[in-house]
Amino acid sequence: MITEELRLSLEEYLTENYILSYKSKLVKINYMDIVWIYPHTEKYRGVTNASIMVMDKNGKIHSIGYMNLTPKTSPEYNELYDSLLNKVPNVLHGYTAENKQKAKEEVNKYKIN
């Protein structure tokens, strides 16, 4: 169930206006600063790990919601991604060459201004 404040992991939260991460240091990402989000998975020795990559308007990519992906955690991971999409419906989402190029253009626009 999605609540006003959704806990992503032991160190991350979705709040009304921000993603807060406490992993190695405090990182606060304003939803208004997000340009692109996409799911990322990697498989190593039969274990699949997943996270959600978040690019901000400065071009910095943050990894949030890191977890081992299993049949039990897969719905949780999908809910996380969908919750973030609901918070930022107008940003680029999904990893494609087109989105990668558009995100780069958005970051360059911000850097020029």
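Residues numbered from 1 in each chain as written. Predicted model: local features only at pLDDT ≥ 70, side-chain atom pairs only at ≥ 80, totals over all residues. Heavy atoms only, no water.

Looking at helix H2 (residues 97-112)
To be explicit about the condition: Secondary structure counts use DSSP, requiring at least four H or I residues in a row for a helix and at least two E residues in a row for a strand, with both numbered from the N terminus. Working rule for helices: expected span equals 1.5 Å times residues minus one. By definition, residues are in contact when any of their heavy atoms lie within 4.5 Å.
The end-to-end C-alpha distance of H2 is 23 Å, a good match for the 22 Å that 16 residues give at a rise of 1.5 Å each. Residues of H2 that are buried sit in contact with strand S5 (34-44), strand S6 (47-56) and strand S8 (92-93).

Overview of unusual backbone geometry
Despite not being glycine, Arg45 has its phi angle at roughly 50°, a positive value. Among the secondary structure elements, Arg45 is positioned in the loop between S5 and S6.

Things to note about the pattern of salt bridges
Oppositely charged side chains can pair when the atoms bearing their charge come close. Definition in use: Criterion for a salt bridge: a side-chain nitrogen of Lys or Arg within 4 Å of a carboxyl oxygen of Asp or Glu.
A complete count under the given rule lists three salt bridges for this structure. As a salt-bridge pair, Lys109 and Glu106 come within 3.3 Å of each other at their nearest N and O atoms. Linking Lys109 with Glu106, this pair stays in helix H2, spanning three residues, or about one helical turn.

Points about the environment of Leu26
Rules: Relative accessibility thresholds used throughout: buried, under 20% of the residue-type maximum; exposed, over 50%; partly exposed, between the two (1.4 Å probe, protein chains only).
Residue position: Leu26 is located in the loop between strand S3 (18-21) and strand S4 (27-30). You can call Leu26 exposed: its relative accessible area is 56%. Spatially, the C-alpha atoms of Leu26 and Glu12 are 9.6 Å apart, while their sequence positions differ by 14 residues.

Focus on the packing of aromatic side chains
Threshold: Note on aromatic pairs: the rings of Phe, Tyr and Trp (six-membered ring only in Trp) are paired at centre separations within 6.5 Å, and the planes decide the class, stacked below 30 degrees, edge-to-face beyond 60, tilted for the rest. As a reminder, the over-ring test applies to NZ of lysine and CZ of arginine, requiring each to be within 6 Å of the ring centre and within 35 degrees of the ring normal.
Within the structure shown, the criterion is met by three aromatic pairs. On the numbers, 5.0 Å between centres and 65° between planes, the contact of Tyr38 with Tyr95 is edge-to-face. Taken together, the positions of Tyr38 in strand S5 and Tyr95 in the loop between S8 and H2 put the pair 57 residues apart, joining distant regions of the chain. In textbook terms, an aromatic cluster arises when at least three aromatic residues are bridged by ring pairs, as seen for Trp36, Tyr38 and Tyr95. The residue whose ring lies beneath Lys28 is Tyr18, and the NZ or CZ to ring-centre distance is 4.6 Å.

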